[in-house]
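Breakdown of the fold
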Amino acid sequence: MATETSPPSKTPAQLPSTEEFVAVSESAEFGELRRSYRSFAFPLTVAFIAWYLLYVLLSNYAGDFMGTKVVGNINVALVLGLAQFLTTFLIAWWYSRIAAAKFDPKADAIKSRMEGGA
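The written sequence of each chain sets the order in which its residues are numbered from 1. Only residues with pLDDT of 70 or above have their local features reported here, since the model is predicted, and side-chain atom pairs are shown and tallied only from 80 upward, although totals for entire chains, interfaces and linings are computed over all residues. Each side-chain value is worked out from all heavy atoms of the structure, with water and hydrogens disregarded.

Our focus in this paragraph is helix 2 (residues 28–61). To qualify as a helix, a DSSP run of H or I must reach at least 4 residues; to qualify as a strand, a run of E must reach at least 2; elements of each kind are numbered from the N terminus. Expected span of a helix: the number of residues minus one, times 1.5 Å. Along its 34 residues, helix 2 runs 48 Å from first to last C-alpha, staying within 8% of the 50 Å computed at 1.5 Å per residue. Buried-residue contacts for helix 2 involve helix 4 (76–114). It only takes one pair of heavy atoms within 4.5 Å for two residues to be counted as in contact.

Structure follows, in C-alpha coordinates:
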(Lines give C-alpha, C1' and ligand atoms only; values in the text may rest on other atoms or scores of the structure.)
Protein backbone atom coordinates (compact mmCIF):
# COMPACT_ATOMS: atom_id res chain seq x y z
CA MET A 1 0.00 0.00 0.00
CA ALA A 2 1.69 3.18 -1.19
CA THR A 3 1.11 6.45 0.56
CA GLU A 4 0.66 9.60 -1.40
CA THR A 5 2.79 12.44 -0.16
CA SER A 6 3.46 15.74 -1.80
CA PRO A 7 6.99 16.56 -2.91
CA PRO A 8 9.10 18.61 -0.52
CA SER A 9 8.48 22.32 -0.59
CA LYS A 10 11.06 24.50 -2.31
CA THR A 11 10.71 27.20 0.33
CA PRO A 12 12.35 26.44 3.66
CA ALA A 13 9.99 25.97 6.58
CA GLN A 14 10.06 28.56 9.32
CA LEU A 15 11.93 27.08 12.25
CA PRO A 16 10.19 27.36 15.61
CA SER A 17 11.88 29.00 18.55
CA THR A 18 13.05 27.20 21.66
CA GLU A 19 10.05 28.52 23.56
CA GLU A 20 7.70 27.11 20.91
CA PHE A 21 9.39 23.70 21.16
CA VAL A 22 9.04 23.72 24.93
CA ALA A 23 5.39 24.81 24.71
CA VAL A 24 4.56 22.01 22.27
CA SER A 25 6.45 19.39 24.26
CA GLU A 26 4.42 20.35 27.33
CA SER A 27 1.08 20.48 25.47
CA ALA A 28 -1.71 17.99 26.10
CA GLU A 29 -1.79 17.03 22.41
CA PHE A 30 1.90 16.09 22.38
CA GLY A 31 1.51 14.28 25.69
CA GLU A 32 -1.35 12.23 24.24
CA LEU A 33 0.74 11.37 21.18
CA ARG A 34 3.64 10.30 23.38
CA ARG A 35 1.32 8.29 25.68
CA SER A 36 -0.39 6.48 22.80
CA TYR A 37 2.97 5.64 21.21
CA ARG A 38 4.45 4.37 24.46
CA SER A 39 1.36 2.34 25.34
CA PHE A 40 1.77 0.53 22.03
CA ALA A 41 5.55 0.29 21.61
CA PHE A 42 6.76 -0.48 25.13
CA PRO A 43 4.57 -3.52 25.92
CA LEU A 44 5.18 -4.95 22.47
CA THR A 45 8.94 -4.47 22.83
CA VAL A 46 8.96 -6.14 26.24
CA ALA A 47 6.86 -9.03 24.93
CA PHE A 48 9.13 -9.58 21.94
CA ILE A 49 12.31 -9.45 24.03
CA ALA A 50 10.78 -11.95 26.46
CA TRP A 51 9.83 -14.22 23.53
CA TYR A 52 13.36 -13.96 22.14
CA LEU A 53 14.97 -14.67 25.51
CA LEU A 54 12.66 -17.67 25.97
CA TYR A 55 13.92 -19.02 22.66
CA VAL A 56 17.56 -18.48 23.67
CA LEU A 57 17.05 -20.05 27.10
CA LEU A 58 15.24 -23.04 25.63
CA SER A 59 18.05 -23.46 23.11
CA ASN A 60 20.65 -23.43 25.87
CA TYR A 61 18.94 -25.39 28.63
CA ALA A 62 16.23 -27.51 27.00
CA GLY A 63 18.13 -29.24 24.23
CA ASP A 64 16.02 -32.38 24.36
CA PHE A 65 12.81 -30.36 24.00
CA MET A 66 14.21 -28.21 21.20
CA GLY A 67 15.44 -31.33 19.41
CA THR A 68 12.00 -32.94 19.45
CA LYS A 69 10.98 -33.83 15.91
CA VAL A 70 7.76 -32.20 14.71
CA VAL A 71 7.56 -33.48 11.14
CA GLY A 72 10.35 -35.36 9.40
CA ASN A 73 13.63 -33.56 10.11
CA ILE A 74 11.88 -30.40 11.32
CA ASN A 75 12.29 -29.97 15.06
CA VAL A 76 10.88 -27.59 17.66
CA ALA A 77 13.99 -25.37 17.51
CA LEU A 78 13.52 -24.76 13.79
CA VAL A 79 9.81 -24.04 14.19
CA LEU A 80 10.42 -21.58 17.03
CA GLY A 81 13.33 -19.98 15.16
CA LEU A 82 11.16 -19.40 12.10
CA ALA A 83 8.42 -18.09 14.38
CA GLN A 84 10.92 -15.44 15.54
CA PHE A 85 11.12 -14.15 11.96
CA LEU A 86 7.36 -14.33 11.54
CA THR A 87 6.67 -12.35 14.71
CA THR A 88 9.26 -9.74 13.70
CA PHE A 89 7.49 -9.14 10.39
CA LEU A 90 4.05 -9.20 12.00
CA ILE A 91 5.09 -6.62 14.60
CA ALA A 92 6.56 -4.37 11.88
CA TRP A 93 3.37 -4.68 9.80
CA TRP A 94 1.14 -4.03 12.81
CA TYR A 95 3.20 -1.02 13.86
CA SER A 96 3.05 0.51 10.38
CA ARG A 97 -0.74 0.18 10.36
CA ILE A 98 -1.14 1.67 13.85
CA ALA A 99 1.33 4.46 13.09
CA ALA A 100 -0.45 5.40 9.87
CA ALA A 101 -3.85 5.40 11.59
CA LYS A 102 -3.05 6.91 15.01
CA PHE A 103 0.42 8.39 15.36
CA ASP A 104 1.12 9.99 11.99
CA PRO A 105 -2.01 12.20 11.80
CA LYS A 106 -1.35 13.59 15.28
CA ALA A 107 2.35 14.10 14.56
CA ASP A 108 1.62 15.76 11.22
CA ALA A 109 -0.81 18.17 12.87
CA ILE A 110 1.78 19.13 15.48
CA LYS A 111 4.49 19.44 12.82
CA SER A 112 2.42 21.66 10.54
CA ARG A 113 1.54 23.92 13.45
CA MET A 114 5.21 24.12 14.46
CA GLU A 115 6.26 24.99 10.91
CA GLY A 116 3.69 27.77 10.73
CA GLY A 117 1.18 25.95 8.54
CA ALA A 118 -1.72 26.31 10.94
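What follows picks up the thread again.
Along the polypeptide, Ile74 turns up in strand 2 (residues 74–75). Relative accessible area decides the class of each residue, using a 1.4 Å probe on protein chains only: under 20% of the type maximum gives buried, over 50% gives exposed, and in between gives partly exposed. For Ile74, a relative accessible area of 38% translates into the label partly exposed.

Grouping into patches uses exposed residues only, defined as over 30% relative accessible area, and leaves out salt-bridged ones; the cut-off is 9 Å for like charges and 5 Å for nonpolar side chains (Val, Leu, Ile, Met, Phe, Trp, Tyr). Using a 1.4 Å probe, the Shrake-Rupley method yields the accessible areas, and only the shown protein chains count as cover for residues. The term salt bridge refers to a pairing of a side-chain nitrogen on Lys or Arg with a carboxyl oxygen on Asp or Glu at a separation within 4 Å. Residues Val70, Val71, Ile74, Leu78, Val79, Leu82, Phe85 and Phe89 make up a contiguous nonpolar surface patch of roughly 770 Å² in combined accessible area. Among the elements that line the nonpolar patch, the one with the most residues is helix 4, at five residues. Structurally, Leu82 can be placed in helix 4.

Turning to the nonpolar core, a few remarks are in order. Take the buried residues of types Ala, Val, Leu, Ile, Met, Phe, Trp, Tyr and Cys, join any two whose side-chain atoms come within 4.5 Å, and each joined set is a nonpolar core. If you look at the biggest cluster of nonpolar residues, it comprises nine residues: Val24, Leu33, Phe40, Leu44, Ile98, Ala99, Phe103, Ile110 and Met114. For this core, the secondary structure elements donating two or more residues are helix 2 and helix 4. At five residues, the largest contribution of residues to this core is made by helix 4. The residues contacting Leu44, other than those within four sequence positions of it, are Ile91 and Trp94.

With that out of the way, let us pick up the packing of helix 2 against helix 4. To get an axis, a line is fitted to the C-alpha atoms, and for a helix only the part in contact is used. The angle between two axes follows their N-to-C directions and goes from 0 to 180 degrees. Orientation of helix 2 relative to helix 4, taken along the N-to-C sense of each, is 170 degrees, at an axis distance of 11 Å. Classed by the angle they form, the pair helix 2 and helix 4 counts as roughly antiparallel. Put simply, Ala, Val, Leu, Ile, Met, Phe, Trp, Tyr, Cys and Pro go in the nonpolar bin, Asp, Glu, Lys and Arg in the charged bin, and everything else, Gly too, in the polar bin. Across the contact of helix 2 with helix 4, the residue classes tally to 21 nonpolar, five polar and four charged. Orientation categories follow fixed angle ranges, with anything under 35 degrees roughly parallel, anything over 145 roughly antiparallel, 65 to 115 roughly perpendicular, and all other angles oblique.

Let's shift gears to the confidence of the model for the protein chain. Confidence of the predictor at the level of single residues is given by pLDDT, which spans 0 to 100. With 90% of its residues at a pLDDT of 70 or more, the protein chain has an overall mean of 89. Taken element by element, the predicted model of the protein chain shows its lowest mean pLDDT in helix 1 (residues 18–25) (86) and its highest in strand 2 (96).

The next point concerns the pattern of salt bridges. Taken as a whole and assessed by the stated rule, the structure comprises three salt bridges. Residue Glu29 is joined to Arg113 by a salt bridge in which the shortest nitrogen-to-oxygen separation is 2.2 Å. One end of the pair, Glu29, is in helix 2; the other, Arg113, is in helix 4, and 84 residues separate them in sequence. The salt bridge involving Lys106 is made with Glu32; its shortest N-O contact spans 3.8 Å.

As a further point, take the packing of aromatic side chains. Stacked, tilted and edge-to-face pairs are distinguished by plane angle, under 30 degrees for stacked and over 60 for edge-to-face with tilted covering the rest, among Phe, Tyr and Trp rings (Trp via its six-membered ring) whose centres lie within 6.5 Å. Under the defined criterion, the tally for this structure stands at six aromatic pairs. Ring geometry for Phe40 against Phe103: centres 6.3 Å apart, planes inclined by 65 degrees, an arrangement best described as edge-to-face. Placement of the pair is Phe40 in helix 2 and Phe103 in helix 4, with a sequence separation of 63 residues. Considering the side-chain rings of Tyr95 and Phe103, the 6.1 Å spacing of their centres and the 40 degrees angle between planes classify their relative orientation as tilted. A connected cluster of aromatic rings, assembled from ring pairs, spans Tyr37, Phe40, Trp94, Tyr95 and Phe103.

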